[in-house]
Amino acid sequence: MIPGTAVIWVKRDARLADNACLTEADRLGLEVLPFFCFEPSVLEADDTSAMHRHAQWQAVEHLRHQLRRRGADILIAHGEVVDKLAKLRERLPFTHLFAHQETGNAITYQRDLAVAQWCRERGITYREFPQSSVRRGGVNRDRLGEMWRSRIADCGPLPVPPIRQLAALRELAATTGFPGLLRVTPEEAWQPVSEADALTTLEDFLARRGLWYRGGISSPNSAFTAGSRLSVHLAWGTITARQVWHRVRARLAELDPAEPHAGRWRKSLQAFLSRLYWRDHFTQRLESEPALEFRSIHPFYRDVPYQNDGALHAAWREGLTGYPLVDAVMRCLAATGFVNFRMRAMVVSFACHVLHLDWRLIHPHLARVFRDYDPGIHLNQLQMQAGVVGWNAIRVYNPSKQLADWDPDCRFVRRWLPELRDQPAERILGGEPLPEYPRPVVPFAYRAKQMTDYLYGIRKTTEAKASTTAVYLRHGSRRKEQSFRTKRPKRPAPPSGPTLFDHLEGGEGR
Ligand SMILES: Cc1cc2nc3c(=O)[nH]c(=O)nc-3n(C[C@H](O)[C@H](O)[C@H](O)COP(=O)(O)OP(=O)(O)OC[C@H]3O[C@@H](n4cnc5c(N)ncnc54)[C@H](O)[C@@H]3O)c2cc1C
């Protein structure tokens, strides 16, 4: 006899492999009903976009396909989760609700608390399983490395377990489908998000693209192919850091020192593993201090007098600031949902330090245009690049210098700014007035100095320094956490031959 039914609440974890919810249900001999809910409160939030809705849609659709191949199905609902679970319970007296822990925004955090309470009141066993090294509620930073070892490095990913689902549940699930109202027509440039795509992307990275990782991820031209491009999969949970970690470690172990480029491969993959670790480092900060969504981590930087000029905000969002690289990045993001780390950092630094826009003001738009939006990384990076964390160097990226360094032939800029397509690179780099293109909306150097003088003014005070130590002890990284770090990279030649992401590289014409 089956001892009960577990509803498996699918959130940012639409996958079969390394799925602790499915594994535990199998261990307990429970029948399972996977359940996904499109929640109006999440969909209507100002940090959600059609790009995100589509990512989840695609991931869940693929999961449904995989489940059906195994003789099971997923129930798809549209409404607030507690209401939908209550409705479901009228038809199906389930005994267990399993989910993965999620470090999200305040809306999903409150929702998770409400679901836990609803289960408690009904005697339903509610369990949340970790899917990273992040510890719910917080952790002593000195123990982060240990958490990583015990949850990620020292135990391999879970295999896909048998899925027990009787015909009645399958039939119930099969009557549900994706709400037509929410259908989104995807843009061709949006990166596909599914468990199968995650594995293909990882293998493609390890077979070819990864060789160019170290040094290749700084340029907006090469990062589309040199980066792992796993961020969408990690963000939406179609793969776990544990799966990636163990696969990369295996690749490193297989490296034959005699094979061509073995040294470059090793350094690239080690640099990649460091970043995988940073992911949890930043997510843990938000998990430990959810108020980070609304205020800077450092109390002395909570009242920076930003101007928040509406016209400058609009010019930044639309890619019309008169700074070609900033504008190209903003338009590329709106179309593809992706740019590399350096370019993300530059547009935030430009918005906060030069346009004097509050990081909280620019947050929702950036979240919406990142296909890989992940609140833990995103909110922390916004604060770091805005210079309000207190202990990181205050870094102002000069867009003209970044253009000369990382897009010297203006390939990327000309691709995303059609009005500059026929202009020679020297004219764009020279910063002279260009026909049909706006003049800079503000002077860079003067405005950047105003803001950095203000931020350094705070930093120098004895009171701020004392507070920095306290905040750092609670949230800062520890030296031993950084053991995967490698030296500064040299810029490589781009990969030769076709790769999975060629159609998105910063080539001519679009
Ligand atoms: C302002 C700003 C906002 C950002 N917002 C997001 C976000 O919402 N979602 C997101 O996934 N990344 C974010 N990043 C980090 C980084 O830019 C992207 O993870 C990276 O560009 C994705 O490309 P990739 O998968 O090829 O990364 P790779 O370089 O191949 O890195 C592998 C993985 O490590 C993680 N990672 C990489 N860099 C960092 C970092 N600096 N900090 C923490 N984790 C990292 C990501 O999960 C990434 O997929 C942000 C960076 C900045 C400066």
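What you see is a predicted model, and the numbers here were worked out from it, not measured in a lab.

Describe the overall build of the chain, with residues and values.
Regarding its fold elements, the chain presents 23 helices and five strands. Scaling as 2.2 N^0.38, a compact globule of 510 residues should have a C-alpha radius of gyration of about 24 Å, and the chain matches this with 24 Å. Principal-axis analysis of the C-alpha atoms places the extent of the chain at approximately 75 × 55 × 50 Å. Considering the chain as a whole, with its 510 residues, one finds that 43% of them fall into the buried category. Counting contacts in the chain only where the partners sit at least 6 residues apart, residues at least 24 apart contribute 83% of the total.

Describe the site of the ligand, and please don't skip the residues or the numbers.
Taken together, the neighbourhood of the ligand is formed by 28 residues, with Gly 227, Ser 228, Ser 231, His 378 and Gln 381 sitting nearest. Contributions of two or more residues to the shell around the ligand are made by α11 (231–236), α13 (262–288), α16 (341–354) and α18 (375–386). Broken down by element, the shell around the ligand gets its largest block of residues, six residues, from α13.

Got a sec to walk through the domain arrangement of the chain? Specific residues and values, please.
As assigned here, the chain comprises domain 1 (5–131) and domain 2 (293–482). Contacts between domain 1 and domain 2 engage 11 residues on the former and 10 residues on the latter. Looking at the side of domain 1 that touches domain 2, the element that brings in the most residues is helix α3 (residues 50–69), giving three residues. Here the side of domain 1 that touches domain 2 is built from residues that sort into three nonpolar, six polar and two charged.

Lay out the environment of Ala 114 in plain terms, naming residues and giving numbers.
Tracing the backbone through its elements, the reader meets Ala 114 in helix α5 (residues 106–122). For Ala 114, a count of 13 C-beta atoms within 10 Å gives the class partly exposed. Residues Ala 114 and Ile 297, spaced 183 residues apart in sequence, show a C-alpha to C-alpha distance of 26 Å.

Requested: an account of unusual backbone geometry, with residues and values cited.
Within the chain, Asp 18 stands out as a residue other than glycine whose phi angle is a positive 50°. Turning to its location among the elements, Asp 18 is positioned in the loop between β1 (5–10) and α1 (20–27). Residue classification places Asp 18 among the buried residues on the basis of 22 C-beta atoms within 10 Å. The phi dihedral of His 356 falls on the positive side, at around 60°, and the residue is not glycine. A residue is classified by how many C-beta atoms lie within 10 Å of it, and His 356, with 20 of them, is buried.

Quick rundown of the sheet that holds β1? Include the residues and the values.
Strand order in this open sheet of five strands is β3-β2-β1-β4-β5, and the pairing throughout is parallel. Edge positions in the open sheet fall to β3 (75–78) and β5 (125–129), since each of these has one partner strand only. Direction aside, neighbouring strands of the sheet carry axes that sit 25° apart on average. Bridge analysis of β1 against strand β2 (residues 31–38) gives six bridges, and the strand direction is parallel.

Can you tell me about the pairing of β2, naming the residues and giving the values?
Most of β2 sits inside the fold, with seven of its eight residues counted as buried. Following the chain from β1 across α1 to the adjacent parallel β2, one finds a crossover that is right-handed.

Tell me about the nonpolar core, and name the residues and values.
Judged by nonpolar contacts, the single largest core of 115 residues is most densely connected at Ile 8, Phe 35, Val 329 and Val 413. It is α16 that provides the largest number of residues to this core, a total of eight residues. Summarising the domain contributions, this core has at least three residues from each of domain 1 (5–131) and domain 2 (293–482).

Run through helix α19 (residues 399–406), naming residues and quoting values.
Those residues of α19 that sit buried are Pro 399, Gln 402, Leu 403 and Trp 406. Mapping the buried residues of α19 onto a view down its axis gives an arc of 100°, with all of them on the same face. Considering only its buried residues, α19 is in contact with α15 (324–336), α16, α20 (411–416) and α21 (425–430).

Go over the confidence of the model for the chain with me, naming the residues and quoting the values.
Low pLDDT marks stretches whose predicted atomic positions should not be read closely. Summarising the model, the chain shows a mean pLDDT of 92, and 94% of its residues fall at 70 or more. Every residue in residues 482–490 scores below 50 in pLDDT, and together they form 12 contacts with partners more than four places removed in sequence or on other chains.

Go over the packing of α16 against α18 with me, naming the residues and quoting the values.
The contact between α16 and α18 brings their axes to 8 Å, and the two run at 55°. When the interaxial angle is binned, α16 and α18 end up oblique. With respect to the hand of their crossing, α16 and α18 are arranged in right-handed fashion. Here Ala 345, Val 348, Ser 349 and Cys 352 of α16 lie close against α18, whose contacting residues are Leu 382, Gln 385 and Ala 386. Across the contact of α16 with α18, the residue classes break down as five nonpolar, two polar and no charged.

I'd like a rundown of the packing of helix α17 (residues 359–369) against α18, residues and numbers included.
Their axes nearest at 11 Å, the elements α17 and α18 cross at an angle of 135°. The orientation of α17 relative to α18 falls into the category oblique. Once α17 is placed against α18, the crossing between them reads as right-handed. Contacts from Trp 359, His 363 and Ala 367 in α17 reach His 378, Leu 382, Gln 383 and Ala 386 in α18. Split into classes, the residues belonging to the contact of α17 with α18 amount to four nonpolar, three polar and no charged.

Reading the values: the criteria
- Residues numbered from 1 in each chain as written.
- Predicted model: local features only at pLDDT ≥ 70, side-chain atom pairs only at ≥ 80, totals over all residues.
- Helix = DSSP H or I, 4+ residues; strand = E, 2+ residues; numbered from the N terminus.
- Rg over C-alpha atoms; globule rule 2.2 N^0.38 Å.
- Buried ≥ 20, exposed ≤ 12 C-beta atoms within 10 Å, placed from the backbone.
- Contact = placed C-beta atoms within 7 Å.
- Near = placed C-beta within 6 Å.
- Domains from an automatic or database assignment.
- Nonpolar A, V, L, I, M, F, W, Y, C, P; charged D, E, K, R; others polar.
- Pairing = 2+ DSSP bridges.
- Axes fitted to C-alpha atoms, helices over the stretch in contact; angles between N-to-C directions.
- Right-handed = clockwise from strand over helix to strand, strands pointing away.
- Core = buried A, V, L, I, M, F, W, Y, C linked by C-beta atoms within 7 Å.
- Arc of directions from axis to C-beta.
- pLDDT = per-residue confidence, 0-100.
- Parallel < 35°, antiparallel > 145°, perpendicular 65-115°, else oblique.
- Left-handed = near helix turned anticlockwise from the far one by under 90°.

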